[in-house]
Amino acid sequence: MTALNTRPDLDVRALVAELTLEEKAALCSGADFWNTEAVERLGIPSVMVTDGPHGLRKQAGTADHLGLNDSVPATCFPSAAGLGSTWDPELLRRVGEALGTETRANDVAVLLGPGINMKRSPLCGRNFEYFSEDPYLTGELAAPLVDGIQSQGVGTSLKHFAANNQETDRMRVSAEIDERTLREIYLPAFEKVVTRSQPWSVMCAYNKINGTYASQHPWLLTEVLREEWGFDGLVVSDWGAVDDRVAGLAAGLDLEMPSSDGVNDARIVEAVRAGTLDEAVLDRAVTRILTLVAKAQPALAEPVSFDPEAHHALAREVATRTAVLLKNDGVLPLDPSAVADTAVVIGEMARTPRYQGAGSSQVKPTRLDSALEALRERGLDVPFAPGYILAEAAGAPGQDRTDDELRREAVQLAAGKTAVLFLGLPAVDESEGYDRTHMDLPASHRPLLREVSEVAARTVVLLSNGSAVTVAEWDDRADAILELWLGGQAGGSAAVDLLLGDAAPSGRLAESVPERLAHVPAQLNFPGENGIVRYGEGIFIGYRGLDAAAAPVSYPFGHGLTYTAFEYTDLTVEVAAITAATQADDVIVTVSATVTNTGGRDGVAVPQFYIGRPASAVARAPRELRGFERVELAPGESRQVRFTLSRRELSHWDTATHGWLVEPGALVLSVGASSRDLPLTATVTLEAPAQRPPLTKNSTIGEWIEDPEAGPALVAAMGEFGAFFGPDSPDPAMAAFLTSMPVVKVPLMGMSDAITLEDLDRLVARYGKA
Ligand code: BGC
């Protein structure tokens, strides 16, 4: 490994002062596809940034951002859909360290990832690259991944900022999202990773948000990201995301990638000369770019090497932890000593694994394990039939036949046996660049499963897909279902470890498996039309929406079984009162519970903590995840887990004050095994200052009456009419009807002679400041 021509001593401030206007403008875009511009005259080196996220895609030859051309071998870890299912921050840190080492070993300064957009619709073609439908879980997992990568002296690029939740029309579409939904659903994961882990860079998304391209959105890139969250790194464009370069620079987009062939550099120079762009804005962007270049110099000056075998072993361990056991009637784990005689393996994906997604994240693995090979390596000569045609397996034995022929052969083989069926989505069904049109298994897989299950003694289904597939149509035909996601280069051997019980499944669903796509509220507005997608479901994505609609699910968010069982007991709750002096991070609620392994094997429980605000003044999801822990337990062993809630974690985004607001009143606290299996629940009353908007003439009678001082004063001023609203109201139904009227209507509509407009003015002057 040779050290690059590095400059450990870059003095950024001095260099910015020495650069010409043209040189500064040129630095603001790439030299080519993957490298920043160098300035030889001043000894400014160029650095390489490259994909990401679940392995390194460094192209040595022809460059592209679509995953078309070859790249250097690198460890292909499970993609984020699987990493999200581990619910294991510690493991994510280890994956990050390995990714960072490979990045550094390949002389790359920044790995372009992780991708932390929310899974708004199960159809998003790129869901395999994202962690979850829940912002809390996403942030908790992405932050340690970033820490791990950056611990190796190289950087990350947190992407795609923000609201890039579909691939359809991704380079133009405007995501129309209300303020509260942005703050509670689409921004919190970014906020957590930025504030906790300081990623070296943030990559802005292609799409527009409420009409403005993310690449030139001053509110997003400067007000929120830098001023509110304190981000001091570099903002880079997604590849080709720049619309108006000068507007982008002013909004806070520092680096354009890839090179715009000098076109935008010239525009920047022109704008500075014309006085429409302040040169200080350009200097600021150049400072950030050179700061990143300087930050990478120590690591690039001291290249490392990595052990591909050790990283492969880590990829295998990770893959065993990404798998989610959806269902098991006891057939799993299989008995290794009986498997060769009693089981058959069906499905081309057992031989030709589907292990990563298509597009810019496509890694060239250092090696690739298939489940079939892994069985053979253990001396288990289990009979195999491909079962269906798989485009990516062209040329493999049997792939020149028809689906019908392959199905018939597989059904014959399965008769009377334990059929281990490898099903899932072929590469063409999910990819960067386009969305799915349905969420079912392919047409050739479903009849295969049906017919095999009719003749087999037992049916075990292993799924390889990057985003949830519906299972409702065939769920009862399977005795066990193991969701493998896209397991990376060691996914095949990891699947065998799980099947044979060498490892026990410990993953939990980071996305819901709805019974039907139509039950997902976002589908009412997906993927939009005429360049606009309205996020009409608001905060109700994923389990939030399914729970609010009481929609049936096949498997709920948070669900996952293992080869043992757990019991949850002993909920304790402590609640402090919130006062005006309480800070955002102060702990208000502490909850503890005990989890016990009641089965006969070691296993991992993932106790989850949810909150609900049933009497809220704003629309709320029935429950929201606010904590989780991964607990390894031997048979009979118990452990106490503890969760806390800060003031901020109890708050919602208030659109009247444009800030985080905590409401007093009922707070439901639940602990259990999934979003729909919460055996422990307590309801407490949260004390917090009541936040009432200032009373005006247009406040309703009800709003006045809620105020302990203004209410009685108004009732008294209204004379006889006021008696309607007391505890001895002569007509409670009429009182209820009138309570929602603005108080100004009382004199205006002649409802009471006692109160005049002037009286009302006096009341407002006295009580109106709330
Ligand atoms: C993708 C990014 C990726 C970039 C560079 C874009 O098309 O959206 O995620 O990092 O290309 O390949």
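Computed from a predicted structure; not experimentally measured.

Novice: Help me out: how do you make sense of the sheet that holds strand S10 (residues 324-328) in this one?
Specialist: Note: strands within a sheet are paired through backbone hydrogen bonds, in either parallel or antiparallel orientation. Spatial strand order, S10-S16-S15-S14-S11-S13: six strands in an open sheet with mixed pairing. Of all strands in the sheet, those bounded by a partner on one side alone are S10 and strand S13 (384-385).

Novice: How do you make sense of the site of the ligand when you look at a structure like this?
Specialist: Around the ligand, the surrounding shell holds 15 residues, and the nearest of these are Asp51, Arg126, His160, Tyr206 and Asp238. The contact in question runs from an oxygen atom of the ligand to an N or O atom on the side chain of Arg170, over 3.2 Å. Asp238 has a polar side-chain atom sitting 2.7 Å from an oxygen atom of the ligand. Protein burial of the ligand: of its 310 Å² of free accessible surface, 100% is covered by the chains. Here the shell around the ligand is composed, by residue class, of five nonpolar, three polar and seven charged.

Novice: Help me understand the packing of aromatic side chains in this model?
Specialist: How two aromatic rings sit relative to each other is given by the distance of their centres and the angle of their planes. Going through the model one piece at a time under the given rule, you end up with 15 aromatic pairs. Clustering of aromatic rings is evident, with ring pairs tying together Trp87, Tyr136, Tyr543, Phe557, Tyr610 and Phe628. Here the basic side chain of Arg183 rests over the ring of Trp653, its NZ or CZ set 4.1 Å away from the ring centre. Sitting over the ring of Trp660, Arg648 keeps its end group 3.8 Å from the ring centre.

Novice: Can you help me understand the pairing of strand S30 (residues 680-686) in this one?
Specialist: Regular strands place side chains that alternate from one sheet face to the opposite one. Side chains Leu680, Ala682, Val684 and Leu686 of S30 all project onto a buried face; the interleaved residues Thr681, Thr683 and Thr685 project onto a face where none is buried. With seven bridges joining them, strand S29 (residues 665-672) and S30 adopt antiparallel strand pairing. The residue bridging Gly665 from the neighbouring strand is Leu686, located in S30.

Novice: Explain the pairing of strand S15 (residues 458-464) to me, please; I cannot follow it from the model alone.
Specialist: Of all seven residues that make up S15, six are buried, and the element is covered over most of its length. Relative to S15, strand S14 (residues 418-424) runs parallel, the two sharing seven bridges. Bridge pairing in S15 places Gly424 opposite Ser464. Sheet topology note: the S15/strand S16 (residues 480-483) ladder contains four bridges and is parallel. Directly across from Leu462, in S16, lies its bridge partner Leu482.

Novice: Could you clarify how one ought to interpret the pattern of salt bridges in this entry?
Specialist: Once their charged atoms are close, side chains differing in charge can pair, the charge on each being opposite to the other. Evaluation of the coordinates by the stated rule reveals 55 salt bridges. Put simply, Glu309 and Arg367 hold a salt bridge, and the shortest N to O gap is 2.9 Å. Linking Glu309 in helix H12 (residues 308-322) with Arg367 in the loop between strand S12 (364-365) and helix H14 (371-377), this pair joins segments that are 58 residues apart in sequence. Here Arg401 ties to Glu409 by a salt bridge, and the two come within 3.4 Å at their closest N and O atoms. On the accessibility criterion, Arg401 (33% relative accessible area) is partly exposed. Given the relative accessible area of 28%, Glu409 is considered partly exposed. Residues joined by salt bridges that share partners form a network here, namely Asp88, Arg94, Glu317, Arg321, Arg630 and Glu632.

Novice: Could you clarify how one ought to interpret the packing of helix H4 (residues 89-105) against H12 in this entry?
Specialist: Two quantities define a packed helix pair, namely the angle between the helix axes and the distance between the axes. Between H4 and H12, the shortest axis-to-axis distance is 11 Å and the interhelical angle comes to 150 degrees. Here H4 is positioned roughly antiparallel relative to H12, judged by the angle of their axes. Handedness of the H4/H12 crossing: left-handed. Seen from H4, the contacting residues are Leu91, Arg94, Val95, Ala98, Thr101 and Glu102; seen from H12, they are His311, Leu314, Glu317, Val318 and Arg321. Along the lines of polarity and charge, the residues of the contact of H4 with H12 split into five nonpolar, two polar and four charged.

Novice: Is there a simple way to think about the domain arrangement of the protein in this case?
Specialist: It is common to give the size of an interface as the accessible area lost on bringing the parts into contact. Taken domain by domain, the protein comprises domain 1 (1-46 + 259-297), domain 2 (61-143 + 169-190 + 313-562), domain 3 (566-686) and domain 4 (701-767). A straight line from the C-alpha centre of domain 3 to that of domain 4 covers 41 Å.

Novice: I'm lost on the sheet that holds strand S21 (residues 587-597) in this one. Help?
Specialist: Taken in spatial order, the three strands of this open sheet run S20-S21-S26, and their pairing is antiparallel. Two strands in the sheet have a free side with no partner beyond their single neighbour: strand S20 (566-575) and strand S26 (638-646). Going from strand to strand, the sheet's axes swing by 20 degrees on average, the running direction of each strand aside. In terms of strand pairing, S20 meets S21 through eight bridges, oriented antiparallel. Directly across from Tyr568, in S21, lies its bridge partner Val595.

About the cut-offs
- Residues numbered from 1 in each chain as written.
- Predicted model: local features only at pLDDT ≥ 70, side-chain atom pairs only at ≥ 80, totals over all residues.
- Heavy atoms only, no water.
- Pairing = 2+ DSSP bridges.
- Helix = DSSP H or I, 4+ residues; strand = E, 2+ residues; numbered from the N terminus.
- Near = heavy atom within 4 Å.
- Polar contact = N/O pair within 3.5 Å; in protein donor to acceptor, adjacent residues only side chain to side chain.
- Areas by Shrake-Rupley, 256 points an atom, 1.4 Å probe, with all protein chains shown as cover.
- Nonpolar A, V, L, I, M, F, W, Y, C, P; charged D, E, K, R; others polar.
- Phe/Tyr/Trp six-rings, centres within 6.5 Å; stacked < 30°, edge-to-face > 60°.
- Lys NZ or Arg CZ within 6 Å of the ring centre and 35° of its normal.
- Buried < 20%, exposed > 50% of the residue type's maximum accessible area, 1.4 Å probe, protein only.
- Salt bridge = Lys/Arg side-chain N within 4 Å of Asp/Glu carboxyl O.
- Axes fitted to C-alpha atoms, helices over the stretch in contact; angles between N-to-C directions.
- Parallel < 35°, antiparallel > 145°, perpendicular 65-115°, else oblique.
- Left-handed = near helix turned anticlockwise from the far one by under 90°.
- Contact = heavy atoms within 4.5 Å.
- Domains from an automatic or database assignment.

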